[in-house]
Amino acid sequence: MMSKSLALTAAVLTLFGGIGNAIAKDKKPRTEASIECSKQADAKGLHGKERKTFRASCKKSFADTKKMPDMKPDMKPEEKKS
């Protein structure tokens, strides 16, 4: 009896482990902005909703600075050099 339940448990874990790996392989690689914003959130010790909010605004500002290459990351659009 014990060996049947052990075998069943092993089979179920193997099945779900294989599905998990297949799902993980379908994920897109992380962008430069995502990685940099995560590092900044880690440095600030952010977790949960605060981290999610910070990363969203960080990635948005990262994208905005990429559109305007002559801006420094901490500059506001109105401070843009002419």
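Residues numbered from 1 in each chain as written. Predicted model: local features only at pLDDT ≥ 70, side-chain atom pairs only at ≥ 80, totals over all residues. Heavy atoms only, no water.

Colleague: A description of the state of the cysteines should follow, citing residues and the corresponding values.
Modeller: With the rule as written, the count across this model stands at one disulfide. Note on cysteine connectivity: cysteine 37 is disulfide-linked to cysteine 58, with sulfurs 2.0 Å apart. Across the S-S bond linking cysteine 37 and cysteine 58, the dihedral sits near -85°, which makes this disulfide left-handed. With cysteine 37 in helix 2 (residues 32-44) and cysteine 58 in helix 3 (residues 48-67), this pair connects stretches of sequence that are 21 residues apart. For the pair formed by cysteine 37 and cysteine 58, the shared burial category is buried. (Disulfide = S-S within 2.5 Å. Helix = DSSP H or I, 4+ residues; strand = E, 2+ residues; numbered from the N terminus. Buried < 20%, exposed > 50% of the residue type's maximum accessible area, 1.4 Å probe, protein only.)

Colleague: Tell me what's going on with the nonpolar core, and back it up with residues and numbers.
Modeller: By size, the foremost hydrophobic cluster in this structure holds five residues: Cys37, Ala41, Leu46, Phe54 and Cys58. Taken together, the elements giving at least two residues each to this core come down to helix 2 and helix 3. Setting aside chain neighbours within four positions, we find leucine 46 in contact with Ala41, Arg51 and Phe54. (Core = buried A, V, L, I, M, F, W, Y, C linked by side-chain atoms within 4.5 Å. Contact = heavy atoms within 4.5 Å.)

Colleague: Tell me about the pattern of salt bridges, and name the residues and values.
Modeller: What the rule picks out here adds up to two salt bridges. Between aspartate 42 and arginine 51 there is a salt bridge whose closest N-O contact spans 2.8 Å. (Salt bridge = Lys/Arg side-chain N within 4 Å of Asp/Glu carboxyl O.)

Colleague: Please provide a residue-by-residue account of the side chain of arginine 55, values included.
Modeller: For arginine 55, the location among the structural elements is in helix 3. Despite being buried, arginine 55 has no salt bridge partner; aspartate 42 is the closest side chain of opposite charge, sitting 7.7 Å away. Only 2.8 Å separates the side chain of arginine 55 from the side chain of serine 34, close enough to count as a polar contact. Apart from residues no more than four positions distant in its own chain, arginine 55 is found in contact with Arg30, Ser34, Cys37, Ser38 and Ala41. (Lys, Arg positive; Asp, Glu negative; His and termini not counted. Polar contact = N/O pair within 3.5 Å; in protein donor to acceptor, adjacent residues only side chain to side chain.)

Colleague: Please provide a residue-by-residue account of helix 2, values included.
Modeller: Given a rise of 1.5 Å per residue, 13 residues ought to cover 18 Å, and the 19 Å separating the end C-alpha atoms of helix 2 matches this to within 8%. Along helix 2, the residues classified as buried are Ala33, Ser34, Cys37, Ser38 and Ala41. For helix 2, the angular spread of buried residues about the axis comes to 130°, placing them on one side. Away from its buried face by more than 90 degrees, helix 2 exposes Glu32, Lys39, Asp42 and Ala43. Directly beyond the C-terminal end of helix 2, a positive phi value near 70° is found at glycine 45. (Expected span 1.5 Å × (residues − 1). Arc of directions from axis to C-beta.)

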